[in-house]
Amino acid sequence: MKILVTIKRVVDYNVRVRVKPDGSGVETEGVKMSINPFDEIALEEALRIKERGEAEEVIVTSIGGNEVQQQLRTGLAMGADRAIQVETDQPVQPLTAARILLKLVEKEQPGIVFLGKQAIDDDCNQTGQMLAALWGRPQATFASKVELADGKATVTREVDAGLEVNEVDLPAVMTSDLRLNEPRFVKLPDIMKAKRKPLETLALADLGAEPAADLVATAYEPPPKRGGGKLVASVAELIGELKNKGLL
Amino acid sequence: MAKVLIIGEHDGHNLNPATAKTVQGASGLHIDDVDVVLFGSDLDAVAAQAAAVAGVQRVLTVTHDDFAHPLAARIAPEIAAMAGDYSHILTGSTTLGKDLLPRAAALIGVNQVSDIMEVLDARTFKRPIYAGNAIVTVQVPEGAPVVGTIRTASFAAAGEGGSAEIVAAEARAEDPGHTRFVRVEGGGGDGPDLASADIVISGGRALGSSDNFAVIHSLAKKMGAAVGASRAAVDAGYVPNELQVGQTGKIIAPDLYFAIGISGAIQHLTGIKDAGTIVAINKDAEAPIFEIADFGLVGDLFEIVPELEKAL
C-alpha cells in the first residue's frame, strides 16, 4: 500500500503574522516558511504506518512554485520515499487543490491520503473532505489515533463531544489533529540522503484538473484589539470589579 | 431565488446551540426564506425546538436509521441533492460542520467560506485567517450557492418564539457503506456545555497534574461555570481533549472567562477573543495573557483560587 501525504508551505507557526499597512495581504516577505504543522503530523503518522510494515511507500506532494521543493526535501529527510511537486505560480484554493490531488490519486492509487486537518495560513479545513467527496471514498478527519487491519482503518477523531471512533474501508482520506503524534526531528545525515531521493515535478496544466471558481479576497485587516485591562491586587478587589460589571 | 438552508445539529434530544447561532448569523443576509434541515433517526423533539427558533420559516426533517449518528459521507450527498433549491447553505463551525460541509461543497462544486464572523452582504463575508491574526474579506463568485460555516462565537443565539412549519422530507441518497460509526467516548460531564456556557473557567499547564485540576473543577461548580483548558493542559493529560479552548479546540464567547495558570499562547487567545470579560490569574507577571485580560491577578493560583471560591 502507498500513502500519499500532502504538504503545504506556510508561514512558520512561531511567526507573528502582520497585515500589510495597505491591507493588500499579510507580510510574507523575509518570513520563515515551514511545513504546515498538521501536515508534518500527517507525514509522521504515514511514516509510522510504513515502519510497522503496514505500508510500502510514502509519497509527499505539494502544490506550488519551486520554493515548495524546500518543504518536500524536508519531508524526504523525515523519511518519505519520493516527492511530487505540482508546479504552479498561482495560489490554489481548497476545491482546486482537491481536484489536483484527485488526479494524483488516480495516478498513484494510494491506500491512504493523509492531510493536515487545516493549513495554519488560510485555516480553511476543507481540502481533505473535498478530496474524499470527489474520490467517493471515506474521510476520517481530525484523527488522533489510527489503527489498520484487514483493509479497514479504525480512526479515533477529536470532536466537540470528546473522541469519536469511526471505522472506514480503505482506500480513504485521513486528516490529522494535533495529538495524533509528535513528529520526529530531522537529522543531518537524513538531510544529505534526502537530496538523492526522487523529486518529480509535474506541470499543473498537464494534470488536467479543472480549476474551481475562487473566492475573491478584497481586503485584509488586523483583528480588533481588546482594550488593555488592569491588574488587581487582591481577590477582594477582583470580586469588587466583577460585581461592578454585574458579572457576579 | 434567495433562500437559505441551514443544516441543524443535534444529539437526538436537544438542538445544538450552534444552530440558533447560525440562524442569527444568517439574519445578516436579509433573506426571509430560511429552512433548517435535520437529519436523524428520531426527530420529533429537536424539530419542535428548531421550529421555535425565531427567523426559521420551515424545518425539514429527514428521518432514517442511517442518520442515528451523523456521518459526513452519508449526509453530504443529501445536502448536495437539495442544493439546487437554495442560494445559501450554512451550518455552524462545530466539528460536525467542519467535517460535513466541505464534503457537500465539493459535490456542489464550490469553495466553502469557513468560519464566517461577519456578513457584509449576501455574497461578502469576513473570516479569520492565520489563527485570527488577520481578518480577510472574501467575495463569493456568482453562479453557484454560497456554502459556508458560521463562526458561532461571533453571534448570539437567535431568540425563541418562532413557529416554523415542520415538513417531513425523504432521504435522496444511498448509504455509501464504507464508513461506520463505532462509538463516542467522553462528554457526560454534569456542568454546563463549554461551547455555550456564560462563565468558563480554564486551567493551564501550571496546574501541574490531573489531581490539582480539582481546584478548577471546584471553583467552576461553585460558579455554575463550564471547565476549559489550554492545549498544554490537554496534551499533558490533565483533562480530556473536548475541554481544549483555542484555535484547534473550541472557540468560545462566554460573558466571563477565567484563564488560570495559562500563559496565553496566541493559539489559546484565538479561542477567547470574543469573551465578554477575561480574568487572568498567573504567577508570571510577564505572561502574555495579561496583555488581553480585563483583570489580572498575579500570584500563586493554588492560594488565589481557593480564596476566590471561599469569598464568592
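Right, let's walk through the structure included here. Bear in mind the structure is a predicted one, so any value in this text is a computation, not a measurement. Per chain, the residues get numbers from 1 upward, laid out in the order the sequence is written. Ligands are numbered from 1 and chains lettered from A, in the order in which they are written. pLDDT decides what is reported in this predicted model: residues at 70 or higher carry local features, side-chain atom pairs at 80 or more are listed and counted, and totals for whole chains, interfaces and linings draw on all residues regardless. By convention in this description, side-chain values take in all heavy atoms of the structure and omit both hydrogens and water.

1. A closer look at the side chain of Gln129(A)
Locating Gln129(A) in the fold gives a position in helix H4 (residues 127-135). To sort residues, take the accessible area from a 1.4 Å probe on protein chains only and compare it with the maximum for the residue type: under 20% means buried, over 50% means exposed, and anything in between is partly exposed. Residue classification places Gln129(A) among the buried residues on the basis of a relative accessible area of 0%. Looking at Gln129(A), its side chain comes within polar contact range of the main-chain oxygen of Lys98(B), at 2.8 Å. Each residue touching Gln129(A), except ones within four places of it in the same chain, is listed here: Gln139(A), Thr141(A), Phe142(A), Lys98(B), Asp99(B), Pro102(B) and Arg103(B). The way it works is that DSSP assigns letters per residue, a run of H or I at least four long becomes a helix, a run of E at least two long becomes a strand, and they are numbered from the N terminus. Contacts described as polar in this section are N or O atom pairs within 3.5 Å, which, within protein, must combine one atom able to donate a hydrogen with one able to accept it, while residues neighboring in sequence count only if both atoms come from side chains. The criterion used for residue contact is that any of the two residues' heavy atoms lie within 4.5 Å.

2. Brief notes about the interface of chain A and chain B
In this assembly, 75 residues from chain A lie in contact with 81 residues from chain B. As used here, buried area is the combined drop in accessible area, with a 1.4 Å probe, of two parts when they are placed together. Carbon and sulfur atoms make up 55% of the area that chain A and chain B hide from each other, which totals about 6,600 Å². Looking at the side of chain A facing chain B, the largest losses of area belong to Asp160(A), Leu215(A) and Arg226(A), adding up to 12% of the total buried there. We define a salt bridge as a contact between a side-chain nitrogen of Lys or Arg and a carboxyl oxygen of Asp or Glu at a distance within 4 Å. Applying the counting rule to chain A against chain B returns 6 salt bridges. Between Asp235(B) and Arg179(A) there is a salt bridge, with the nearest N and O atoms lying 2.8 Å from each other. Run the count over chain A and chain B and you get 44 residue pairs in polar contact (both at pLDDT 80 or more). Going through the elements one at a time, helix H3 (94-108), H4, strand E7 (139-149), strand E8 (152-159), strand E9 (162-169), strand E12 (216-221), strand E13 (230-232) and helix H7 (235-244) of chain A are the ones with two or more residues in the side of chain A that touches chain B. For the side of chain A that touches chain B, the leading source of residues is E9(A), giving 8 residues.

3. Remarks on the pattern of salt bridges
The final tally for this structure, using the stated rule, is 33 salt bridges over all chains. Each of Lys2(A), Glu57(A), Arg82(A) and Glu108(A) takes part in salt bridges that share partners, so that together they form one network.

4. Remarks on the sheet that holds strand E10 (residues 165-169) of chain B
Residues and elements named next belong to chain B. When DSSP finds two or more bridges between a pair of strands, those strands are recorded as paired. A sheet is described by the order of its strands in space; here 7 strands give the open sequence E5-E9-E4-E1-E2-E3-E10, paired in parallel fashion. Whereas interior strands pair on both sides, the edge strands pair on one side only; in this sheet they are strand E5 (113-116) and E10. For this sheet the average axis-to-axis angle between neighbouring strands, irrespective of direction, equals 25°. For strand E4 (residues 88-92) and strand E9 (residues 146-150), the ladder comprises 5 bridges, and the chain directions are parallel. Here the axes come from fitting lines to C-alpha atoms, over the contacting stretch only for helices, and the angles between their N-to-C directions go from 0 to 180 degrees.

5. A few points about the sheet that holds strand E7 (residues 124-129) of chain B
Read from one edge of the open sheet, 4 strands run E12(A)-E8(B)-E7(B)-E6(B), paired in antiparallel fashion. Each edge of the sheet is formed by a strand with only one pairing partner; in this case those strands are E12 of chain A together with strand E6 (118-121) of chain B. Across the sheet, the mean angle separating the axes of adjacent strands is 30° when strand polarity is ignored. Relative to E7(B), E6(B) runs antiparallel, the two sharing 3 bridges. Its bridge partner lying in E7(B), Glu118(B) is registered against Lys126(B).

6. Description of H4(A)
Among the 9 residues that make up H4(A), 7 are buried, leaving the element largely enclosed by the rest of the structure. Along H4(A), the residues classified as buried are Gly128(A), Gln129(A), Met130(A), Leu131(A), Ala132(A), Ala133(A) and Trp135(A). The secondary structure elements touched by the buried residues of H4(A) are H3, strand E6 (112-116), E7 and strand E10 (172-176) of chain A together with helix H4 (95-108) of chain B. Gly136(A) sits one or two positions beyond H4(A) and adopts a positive phi of about 70°.

7. Details of the packing of aromatic side chains
Stacked, edge-to-face and tilted labels apply to pairs of Phe, Tyr and Trp rings (six-membered ring for Trp) whose centres lie within 6.5 Å, assigned for plane angles under 30 degrees, over 60, and everything in between, in that order. Scanning all chains against the criterion turns up 1 aromatic pair over all chains. Judged by centre distance (5.2 Å) and plane angle (65°), the rings of Phe39(B) and Phe67(B) are edge-to-face. Taken together, the positions of Phe39(B) in strand E2 (residues 34-40) and Phe67(B) in the loop between strand E3 (58-63) and helix H3 (72-82) put the pair 28 residues apart, joining distant regions of the chain. We classify Phe39(B) as buried; its relative accessible area is 6%. Assessed through its relative accessible area of 2%, Phe67(B) is described here as buried. Only lysine NZ and arginine CZ atoms are considered, and such an atom sits over a ring when it is within 6 Å of the ring centre and within 35 degrees of the ring normal. Positioned above the aromatic ring of Phe142(A), the side-chain terminus of Lys117(A) is 5.7 Å from the ring centre.

8. A look at the packing of H7(A) against helix H9 (residues 301-311) of chain B
Orientation of H7(A) relative to H9(B), taken along the N-to-C sense of each, is 50°, at an axis distance of 10 Å. It follows that H7(A) is oblique to H9(B) by the angle criterion. The interaxial crossing formed by H7(A) with H9(B) has right-handed handedness. Contacts between H7(A) and H9(B) involve Val235(A), Leu238(A) and Ile239(A) on the former and, on the latter, Ile304(B), Glu307(B), Leu308(B) and Ala311(B). A class-by-class count of the residues in the contact of H7(A) with H9(B) yields 6 nonpolar, no polar and 1 charged. Here roughly perpendicular refers to angles of 65 to 115 degrees, roughly parallel to angles under 35, roughly antiparallel to angles over 145, and oblique to all remaining angles. Rotating anticlockwise by less than a right angle from the far helix to the near helix defines a left-handed crossing, while the corresponding clockwise rotation defines a right-handed one. Three residue categories are used. Nonpolar comprises Ala, Val, Leu, Ile, Met, Phe, Trp, Tyr, Cys and Pro, charged comprises Asp, Glu, Lys and Arg, and polar comprises the others, including Gly.

9. Observations regarding the pairing of strand E4 (residues 57-64) of chain A
Residue and element names in this part refer to chain A. With respect to burial, E4 is a largely interior element, 7 of its 8 residues being buried. The pairing of strand E1 (residues 2-6) with E4 spans 5 bridges and is classified as parallel. Residue pairing across strands places Ile-3 opposite Val-58, the latter belonging to E4. Note: E4 against strand E5 (residues 82-87), 6 bridges, orientation parallel. Across the sheet, Ser-62 pairs through a bridge with Gln-85, a residue of E5.

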